[in-house]
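Chain by chain, the residues:
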Amino acid sequence: MAGRINDDDVKAVRDAVPIDSVVSEYLQLRSAGGGNLKGLCPFHDEKSPSFQVSPGKGLFHCFGCQEGGDTIAFVMKIDHLSFSETVERLAAKAGITLRYEEGGYNPSHQRGERIRLIEAHQAAADFYVRALESPEAEIGRKFLAERGFDQDAATHFRVGYSPAGWDHLTRYLRGKGFSDKELITSGLSQDGRRGPIDRFRGRLMWPISDTAGEIVGFGARKLRDDDNGPKYLNTPETPIYKKSQVLYGIDLAKKDIAKASRAVVVEGYTDVMACHLAGVTTAIATCGTAFGNDHIKILRRLLMDNGSARVIFTFDGDSAGQKAALRAFEDDQKFAAETYIAIAPDGMDPCDLRLAKGDDAVRDLVEPRTPLFEFALRQIVGRYDLETPAGRAAALDEAAAVVAKIKTSSVQREVAVQLAGFVGILDQEFVVRRVAQLARWARDKGGDGRGDPRGGRGPGGPQDRRGAPQQSAQAVQTPAAPSGPALNLRSPAHRTERELLKLALQKPALVFPAFDAYGADEFTAPPYAAVRQCIAEAGGAERGLGDNREYLVAVMDAAPNNTVRSLVTELAVEVFMGRTIDETYAGMQLVHVRLRAVDRRIGEVQGSLARLGSNVAPDDLAAAQNEVWVLQQYAQSLRAKGADAL
């Protein structure tokens, strides 16, 4: 078994790979103020960004679902990798050679499954690219040339060719050290009568990459008449390839999609190539499946999905294209972006259009003109005879049911008014009422069952208005944590304790050395007491005076469970409530937390004396009265001198 990765190397990887550059491979980030960045969370559905990244601290935290951690934790979560797989992947990105403590050598066959499958696909892509230069691949080069793609275009998109023999790629990858099991699992090979054979043979090959740019599958186009397979053959479902979760061209288009807040959805690989070569560099396509919910999630994160974003669908003008448009409209309400449809004259796709009329025609095609809802409703209405009352009524019934699915009431009303015009009904209010009635019926039946993704019962539990988890005491209680109420930011005590912990994590120099003398029992909320305990176990605020990232990692490592760890990352990236964060502000938080602790202790002692009455022994009474007097003097000093009395 491979050895454990050297701790110093893990730290070097954390320091070498900026968290914002890694996260930006999956979603668009914008300034959140205070040096932080924000975006739509990749781990749960949301309409407004609650996911924050702190480049300076190397941490991320979602205030919606409470996921949080460092660069390694992010990659582990989003790509479903083990710790060692993640470190190896990030190390390769940073050019760091890892050392392994038990034997010092990590044989390739012992590396994580995902990394091995990715490496197999990378090797296969190189093999296919070289094969496109062979005499046998002349048919493939001719296919590309006839569609307007030269060698430079093929190179840019890494188009390749799979030889027609039974096991050319299989034998090549075996020579690279890949096992038969890995080749079958990857989908590059399949079982034959005498062992594994190539899945793709005699076809033009397009590599399909994930958002991070790693090749996870292939799309293969038939070239010969004697090929009895389908016109397009894609990689089967594998541990790294899920067709409903990949978009062809996303690795090339993601930066421009984020920059322009615009995406163009086309239907095929050659359409993506044609669009990009024509200057429409935001084009992407699905891979052998309809555009669906998982594809929407990918685009929403890149678009930041606000009202100014645009998604343009280009579908063929035939019946299949019209059905695809209607399917897309079914999911339209999952976008905040405005959605449009573009259909080329004569039903040409972007590839054919570029060949026939040039790059300008492709760029003109994708300029948004027809809203998707308008196209979809016209398609529905067009199936009925609107010259008759019965036809108009039937058209209204079907179309109104679609409009009723629109969640925003103002948009629903506006579209209902337009529907009245499409159907030819002069009484617009009648149509508006009909749509509203259908919407109410749907809600009464339970609707689609999806709650508001921003509601208070996500993975992080109920939330207050600032996004802080209102966790129960049991959720984060550790043996060292005192009992007490759950988090409630309407409580001045909890607000102050939260600010003090944020200072201890984000700006430890402002609260050191006083903070390190505070006990966990000075924090009334058990979750905060648990975080205080983690800081103590990590070496206190004093440790944060050095390498802040290393300090935060140590605090997270000290967390007894994921709930406490999530709260640590939340406090480490959350902005402060005060405008000026300096020694004066820090001193106020220190004093308020200590003063409340002193007042609580005075109350506890006095309460005990009152309950015992005359049953208190003289010595115990004197000791208690002396403690109260000392605490009262200390409290008076704190109120008069502030932080100087600590």
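Conventions adopted
- Residues numbered from 1 in each chain as written.
- Predicted model: local features only at pLDDT ≥ 70, side-chain atom pairs only at ≥ 80, totals over all residues.
- Heavy atoms only, no water.
- Helix = DSSP H or I, 4+ residues; strand = E, 2+ residues; numbered from the N terminus.
- Areas by Shrake-Rupley, 256 points an atom, 1.4 Å probe, with all protein chains shown as cover.
- Phe/Tyr/Trp six-rings, centres within 6.5 Å; stacked < 30°, edge-to-face > 60°.
- Lys NZ or Arg CZ within 6 Å of the ring centre and 35° of its normal.
- Axes fitted to C-alpha atoms, helices over the stretch in contact; angles between N-to-C directions.
- Left-handed = near helix turned anticlockwise from the far one by under 90°.
- Contact = heavy atoms within 4.5 Å.
- Nonpolar A, V, L, I, M, F, W, Y, C, P; charged D, E, K, R; others polar.
- Pairing = 2+ DSSP bridges.
- Expected span 1.5 Å × (residues − 1).
- Buried < 20%, exposed > 50% of the residue type's maximum accessible area, 1.4 Å probe, protein only.
- Polar contact = N/O pair within 3.5 Å; in protein donor to acceptor, adjacent residues only side chain to side chain.
- Arc of directions from axis to C-beta.
- Parallel < 35°, antiparallel > 145°, perpendicular 65-115°, else oblique.

**Structural notes on the overall build of the protein chain**
So, step 1. When you go through the protein chain residue by residue, the secondary structure sums to 26 helices and 16 strands.
So, step 2. Only carbon and sulfur atoms are counted for the fraction: they give 49% of the accessible area of the protein chain, which is about 29500 Å².

**Points about the packing of aromatic side chains**
So, step 1. One pass over the full model with this rule turns up 16 aromatic pairs.
So, step 2. An aromatic cluster is defined as three or more aromatic residues linked by ring pairs; in this entry it consists of Y26, F43, F51, F60 and F74.
So, step 3. The cationic tip of R147 hangs over the ring face of F143; the distance from NZ or CZ to the ring centre is 3.5 Å.
So, step 4. Lying across the ring of Y518, R594 places its NZ or CZ 4.1 Å from the centre.

**Quick notes on the packing of helix α16 (residues 372–381) against helix α18 (residues 409–423)**
So, step 1. Closest axis-to-axis distance for the α16/α18 pair is 10 Å, and the angle between their directions is 35°. As α16 runs across α18, the sense of the crossing is right-handed. Between α16, through F373, E374, L377, R378 and V381, and α18, the contact on the second element is made entirely by V415, Q418, L419, F422 and V423.
So, step 2. Taken together, the residues of the contact of α16 with α18 break down into seven nonpolar, one polar and two charged.

**A word on the pairing of strand β7 (residues 189–192)**
So, step 1. As judged from the four bridges shared by β7 and strand β8 (residues 195–198), these two strands associate in the antiparallel manner. Residue pairing across strands places D191 opposite P196, the latter belonging to β8.
So, step 2. Between β7 and β8, which pair antiparallel and follow one another directly, the connecting turn spans two residues.

**A few points about helix α24 (residues 562–573)**
So, step 1. Between the first and last C-alpha of α24 there are 17 Å, a value that for 12 residues agrees with the 16 Å anticipated at 1.5 Å per step.
So, step 2. Counting buried residues in α24 gives nine out of 12 residues, a clear majority hidden from the surface.
So, step 3. Within α24 the residues assigned to the buried category are V564, S566, L567, V568, T569, E570, L571, A572 and V573.
So, step 4. Regarding α24, its N-cap is N561, as a side-chain oxygen of that residue lies 3.1 Å from the backbone nitrogen of T563 further along.

**Focus on the pairing of strand β15 (residues 338–342)**
So, step 1. In terms of burial, β15 is a largely internal element, four of the five residues being buried.
So, step 2. Where strand β14 (residues 310–314) meets β15, five bridges bridge the pair, whose relative direction is parallel. By the bridge assignment for β15, T314 is matched with A342.
So, step 3. Of the strand pairs in this sheet, β15 and strand β16 (residues 370–371) are connected by two bridges, and their pairing is antiparallel.

**Here's the deal with the side chain of D9**
So, step 1. Considering the arrangement of structural elements, one finds D9 in helix α1 (residues 7–16).
So, step 2. With sequence-adjacent residues up to four places away left out, D9 is seen in contact with T97, L98 and R99.

**Brief notes about the environment of A393**
So, step 1. By the element assignment, A393 lies in helix α17 (residues 389–403).
So, step 2. Looking at A393, the relative accessible area reads 38%, which means it is partly exposed.

**Digging into unusual backbone geometry**
So, step 1. Look at the link from F512 to P513: it is a cis peptide, with omega at 5°.
So, step 2. If you trace the backbone, P513 turns up in the loop between α21 (492–506) and α22 (526–537).
So, step 3. Of note, R158 is a non-glycine position whose phi angle comes to about 55°, a positive value.
So, step 4. Within the secondary structure, R158 sits in the loop between α7 (151–156) and β6 (160–162).

**Points about helix α3 (residues 71–79)**
So, step 1. For α3, the set of buried residues is T71, I72, F74, V75, I78 and D79. Down the axis of α3, the sector holding all buried residues measures 160°, keeping them to one side.
So, step 2. Near the N-terminus of α3, the side chain that reaches the backbone nitrogen of I72, with its oxygen 3.3 Å away, is that of D70.
So, step 3. In the stretch just after α3, H80 is the one whose phi turns positive, near 55°.

**With respect to the packing of helix α11 (residues 269–277) against helix α14 (residues 350–357)**
So, step 1. For the pair α11 and α14, the least separation of the axes is 7 Å and the interaxial angle reads 45°. Put simply, α11 runs oblique to α14. Taking contact as the criterion, the partners of T270, D271, A274, C275 and L277 in α11 are, on α14, P350, C351 and R354.
So, step 2. Looking at the contact of α11 with α14, its residues break down into five nonpolar, one polar and two charged.

**Details of the sheet that holds strand β11 (residues 232–234)**
So, step 1. If you walk across this open sheet you meet the four strands as β6-β9-β10-β11, and the pairing is antiparallel. Both edges of this open sheet fall to β6 and β11, since each of them pairs with a single strand only. Each strand of the sheet is rotated relative to its neighbour by a mean of 35°, with strand direction disregarded.
So, step 2. By the bridge criterion, three bridges tie β6 to strand β9 (residues 203–209) in an arrangement that is antiparallel. Bridge assignment links S162 to a residue of β9, and that residue is R203.
So, step 3. Helix α6 (residues 138–146) contacts β9 and β10 (215–222) of the sheet and is inclined by roughly 70° relative to β9.

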